[in-house]
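Notes for the structure review
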Amino acid sequence: MTDCLDSDALLALQEALEWDGTAGMTHLARCADCRGVLAELELLHSAVAPLEPDQAFVSRITASLACAHAAEREPAQVTAGPTVPAALAPRGRVGATPVPVLDFILFVVSTSTIWSALAFARAALDQPEAVSIWDPSLLLLAALGGAAACWRTRREAAGDWVVPPSQSILR
Amino acid sequence: MTDDEVSRFHAGDERLFGQLVSEHSPRLLGAALRLTRDRAAADDLVHDAWVRAYEARRSFAGHGSVLGWLVAVLRTVHLATVRTEARHVRRAVAYAGLARRDVDVDETADALVEGLDADDRHARVIHALAQLGDRQRDVVTLRVLEGLGTAATADRLGIAEGTVKATLAQALNRLRTLMNGTAGACDR
């Protein structure tokens, strides 16, 4: 009789029914709720029945996870660190603290340059003799700010300086 | 998972994830096929679920069932995909001048999924499994899907055997409630 349960299954059944299989089976035959639970267990087991994927599919997932892994690490590598030298270091050597130090410096330099230029213009109009005092430092400040901005912009445009879009000077 | 494996899992260890992909993808693919009814869509769903699982790996507690957690992630990604598709449809309808502004896309998509899955008991049981609490889902997954005994499950989850039995009974009741809207009454 091919429909008969094998010895292992019967043994497991007896163990599961705490060696009172007859009473257990009798209850099962009468109780619709228990049969319902049995059916649900069977349903659950078959709902997540394995389906063998092909190797290309597994490779595709593995490759995507490797990409996700790399993408996760990349922002940490290119985000400026807590100190100015770290922030200016090439990609791969920068600290992981997500503080846009370089943008802040550029902002300060640009703002102070514009502010100084305005002060310089006003001084030139009101007190021509003050120009000789401020002129070299203002020019130096403007030149440094401009050069730093150009340097970073060129590196970012060339792809040497990869930053998240929110920190991009080219956005 | 051992403590070391949990640390590696949270750190996103590529080798460990490679092993997990090989180990659990067949069952995830089976579940995805039940949900999507299309092999190509199932492949995409499992792929996206793995990427999402990788991104959200730190939300996995560590000592439960990875498979159970992955099934929950799979369902979340499935619902998100359906919602996105529903938005595309609504946008297309809007372009055609037929849009109804008072339609909630998420609710409509969920209702659509439930409606589609209502006739498919396999899809319904997957949704129900994913909606169980972590402890109940862990016990059901380990006992029913991964075939662990009560003692092994208790050992794996760090709980008493009696707790495993009680949790399994509660989980099956909850599954039935989620699937049918009724609780099982029999307690032999």
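Note that the structure is a prediction, hence the values are computed from the model and not measured. The written sequence of each chain sets the order in which its residues are numbered from 1. Chains carry letters and ligands carry numbers; both start at the beginning, A for chains and 1 for ligands, and go up in the order they are written. Residues qualify for local features only when their pLDDT is at least 70, as the model is predicted, and side-chain atom pairs are given and counted only at 80 or more; totals for whole chains, interfaces and linings, by contrast, use all residues. Working from all heavy atoms in the structure, the side-chain values ignore hydrogens and water.

Attention now goes to the side chain of R137 of chain B. Residues and elements named next belong to chain B. Secondary structure elements follow DSSP: runs of H or I of four or more residues count as helices, runs of E of two or more count as strands, with numbering from the N terminus. Tracing the chain through its elements places R137 in helix 7 (residues 134–145). Between N or O atoms, a polar contact is any pair within 3.5 Å; within protein, one atom must be a potential hydrogen donor and the other a potential acceptor, and residues adjacent in sequence are included only when both atoms are from side chains. Of the polar contacts made by the side chain of R137, one reaches the backbone oxygen of G68; its length is 3.1 Å. When residues no more than four places from it in sequence are discounted, the contact partners of R137 are G68, W69, A72, L129, A130 and L132. Contacts are assigned to residue pairs that have any heavy atoms within 4.5 Å of one another.

A separate point is the pattern of salt bridges. By definition here, a salt bridge exists when the distance from a side-chain nitrogen of Lys or Arg to a carboxyl oxygen of Asp or Glu is within 4 Å. The final tally for this structure, using the stated rule, is eight salt bridges over all chains. For D120 of chain B, the salt bridge is made with R37 of chain B, and the minimal N-O distance between the two is 3.9 Å. Taken together, the residues D120 of chain B in the loop between helix 5 (105–117) and helix 6 (121–131) and R37 of chain B in the loop between helix 2 (14–36) and helix 3 (39–55) connect sequence positions 83 residues apart. The rule is simple: take the accessible area with a 1.4 Å probe, protein chains only, and divide by the maximum for that residue type; under 20% is buried, over 50% is exposed, in between is partly exposed. Note on D120 of chain B: relative accessible area 16%, which makes it buried. Linked by salt bridges that have partners in common, D33 and E40 of chain A together with R176 of chain B make up one network.

The next subject is helix 1 (residues 7–16) of chain A. Capping of helix 1 of chain A at its N-terminal end is provided by D6 of chain A; its side-chain oxygen lies 3.2 Å from the backbone amide nitrogen of D8 of chain A. Positive phi shows up at E18 of chain A, right after helix 1 of chain A, with a value of about 55°.

Residues and elements named next belong to chain B. You can read pLDDT as the predictor saying how much it trusts each residue, on a scale of 0 to 100. Across chain B, the average pLDDT comes to 84, with 82% of residues at 70 or higher. For the stretch residues 182–188, pLDDT sits under 50, and the model shows 18 contacts to residues farther than four places along the chain or on other chains. Across the predicted assembly, pTM comes out at 0.64 and ipTM at 0.77.

Once that is clear, we can look at the interface of chain B and chain A. In this complex, chain B contributes 39 residues to the contact, which on the side of chain A involves 32 residues. Here chain B packs against chain A, burying approximately 3400 Å² in sum over the two surfaces, 66% of which is carbon and sulfur. Where chain B packs against chain A, one counts three salt bridges. One salt bridge in this structure joins R60 of chain A and D44 of chain B, with 3.0 Å as the shortest N-O distance. Computed with a 1.4 Å rolling probe, the buried area is the accessible surface lost when two parts are put together, summed over both parts.

Let's shift gears to the packing of aromatic side chains. Residue and element names in this part refer to chain B. Here is the rule: rings of Phe, Tyr and Trp (six-membered ring for Trp) pair when centre to centre is within 6.5 Å. Planes less than 30 degrees apart are stacked, more than 60 are edge-to-face, and the remainder are tilted. Enumeration over the complete set of coordinates arrives at five aromatic pairs over all chains. Look at F9 and W69: their rings are 5.9 Å apart centre to centre, the planes differ by 75°, and that puts the pair in the edge-to-face class. In this pair, F9 is assigned in helix 1 (residues 3–11) and W69 in helix 4 (residues 66–95), connecting sequence segments 60 residues apart. Looking at F9, the relative accessible area reads 1%, which means it is buried. Each ring, one from F60 and one from W69, has its centre 5.3 Å from the other, and the planes form 45°; the classification is tilted. Of the residues examined, W69 reaches a relative accessible area of 9% and is grouped as buried. An aromatic cluster of at least three residues, connected via ring pairs, comprises F9, F17, Y54, F60 and W69. Residue placement shows R57 over the ring face of Y54; its charged tip is 4.3 Å from the ring centre. Criterion for a charge above a ring: Arg CZ or Lys NZ at most 6 Å from the ring centre, at most 35 degrees from the ring normal.

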